[in-house]
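# Analysis of the macromolecular model
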Amino acid sequence: MKITFFGACKTVTGSQHLITVNGKKLLLDCGFWQGRRREMEQMNREFPFDPKAVDAMILSHAHIDHSGNIPNLVKQGFRGRIYCTPATKEITELMLEDSARVQVYDVEYLNKKRKPEETALEPIYTPDDVAPAIKQFAGTDYYQEFEPIPGVKAYFKDAGHVLGSTLTTFELKENGTIVRLGFTGDLGRKFLPILKDPEQIKAVDYLISESTYGDRLHDSLATSYLGLAKAINETYARGGKVIIPSFALERAQELLYIIHELINQKAIPPLFVYLDSPLTERVSEVFSEYPDLLDEETQKTFLQNNKDPFIFTTLRFVETAEESKKLNKTEQPCVIISASGMCEFGRIRHHLKNSLASPKNTVIIVGFMAENTLGRKLLEGAKEVNILNERLPVKAKIVVLNSLSAHADQYDLVKFIKGAGKLKKLFLVHGEKTAMDALAEKLNDANIGEIVMPGKGEAVEL
Ligand SMILES: [Zn+2]
């Protein structure tokens, strides 16, 4: 039996790992690559393995860097079942439909602007490709054992990262040998609002662990409240706009939850907050369907007080592209929350294009930004950026709040990995090299055993 690592190798996007047992193939996640557009486009379009030869798939959670290429996998002949929690199934359907629409929209926009000698672009998949993919999903509850391929038993625990996210524990059996393997997907953080805390994978021989923040310790959550209030108040005083690029899943709900609280506490003025992400609105509705997955405080708000913690009086939902464009003309100070989270696709790019050149405005970075994304350039203090084929100066204030991260930090990762058992091998994925090196150094002090940072396409026998 072996694992081949095809994505999220010394980088954070494109999660795809292939397990082979008894000649059958099980794919863990099927994420989209994000970064340099042309390069990523090719990597997303063509799989480094034959989709027809994959027998089943496990999806850890709905984020696009884990789920985004599923419609393409199915389009290219994958016919097996896709195991994930029922909440992940529901949210992934929304995310993939949105991803398809955004691809169609972006391609149309870029094709209009292309020079006559350039070939026309095509979306990798369209909304029509999503429904057939969703038919292959098998909603599976936490702790319910399933057998995705012969010789492999598995069950999910709560990863506490986003609604429905999982940690998977496997028992792999081949020629009388039994191996226990754990897969973190993305590991969440304790004490975040809304979700329950992450559980622990135990007693495995091998562990595939994410390492996004392997080189960093997060500030406490209180810092998010203070930082957000400070940035909003200062921008309000300048008469500017606050633009927050946000993942539609989890980060956006946390932002709404916190801004709602800040307004209630009178820590910020009751200014208009525009949620310019129809996807976020739909994803937020799914939260109320799964009260059991929420932490006690949020459950109380939903169940006992019958209130939606994400809705408040000055919140406005922006539905159509026309309404979104109208926001460009707004002179009033306001907050605009929009997707995509790494600023690579969608309406956020239009808001940034409209706001970056004025020092009155503020962009708040609240999530991880992968290398070569527009979000990463802003985070690193670029003085000029390219947006939608235009070169723009960055004069707006850029504020970074890493305390809102939905990922475990170095301390959490070390604790989790130590708790997973006496490992034969630890595979570090879903992190940049510097983050992995820093984490490995900490783990070496803790005597963890062999640490492998697989390269793209590298196969390891178990
Ligand atoms: Zn994630």
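Calculation rules
- Residues numbered from 1 in each chain as written.
- Predicted model: local features only at pLDDT ≥ 70, side-chain atom pairs only at ≥ 80, totals over all residues.
- Helix = DSSP H or I, 4+ residues; strand = E, 2+ residues; numbered from the N terminus.
- Buried ≥ 20, exposed ≤ 12 C-beta atoms within 10 Å, placed from the backbone.
- Contact = placed C-beta atoms within 7 Å.
- Pairing = 2+ DSSP bridges.
- Axes fitted to C-alpha atoms, helices over the stretch in contact; angles between N-to-C directions.
- Domains from an automatic or database assignment.
- Nonpolar A, V, L, I, M, F, W, Y, C, P; charged D, E, K, R; others polar.
- Arc of directions from axis to C-beta.

## What about the overall build of the protein chain?
- Across its full length, the protein chain holds 14 helices and 21 strands.
- Expressed as lengths along the three principal axes of its C-alpha atoms, the size of the protein chain is roughly 70 × 55 × 40 Å.
- Counting the 462 residues in the protein chain, one finds 48% classified as buried.
- In the protein chain, once contacts between residues fewer than 6 apart in sequence are set aside, the share between residues at least 24 apart is 76%.

## Here's the deal with the sheet that holds strand β5 (residues 81-84)
- With mixed pairing, the seven strands of this open sheet are ordered in space as β6-β5-β4-β3-β2-β1-β21. Of all the strands in the sheet, the pair left with one neighbour each is β6 (137-139) and β21 (458-461). Recorded for the sheet is a direction-independent mean angle of 25° between the axes of neighbouring strands.
- The sheet contact formed by strand β2 (residues 17-21) and strand β3 (residues 24-28) spans five bridges and is antiparallel. Paired with Val21 across the strands is Lys24, a residue of β3.

## Quick word on the domain arrangement of the protein chain
- Taken as a whole, the protein chain is organised into domain 1 (2-216 + 406-461) and domain 2 (221-404).
- For domain 1 and domain 2, the distance between their C-alpha centroids amounts to 26 Å.
- On the domain 2 side, the residues contacting the 31 residues of domain 1 number 30 residues.
- The residue inventory of the side of domain 1 that touches domain 2, partitioned by class, reads 16 nonpolar, eight polar and seven charged.

## Remarks on helix α11 (residues 348-355)
- Buried within α11 are the following residues: Ile348, His351, Leu352 and Ser355. Angular distribution of buried residues about the axis of α11 spans 100°; they occupy a single face of the element.

## Concerning the environment of Leu293
- Position of Leu293 among the secondary structure elements: in the loop between α8 (278-289) and α9 (296-304).
- Its 22 C-beta neighbours within 10 Å are what place Leu293 among the buried residues.
- For the pair Leu293 and Leu110, spaced 183 residues apart in sequence, the C-alpha separation works out to 40 Å.
- If we ignore the near neighbours within four places in the chain, the residues touching Leu293 are Ala87, Leu163, Gly164 and Lys196.

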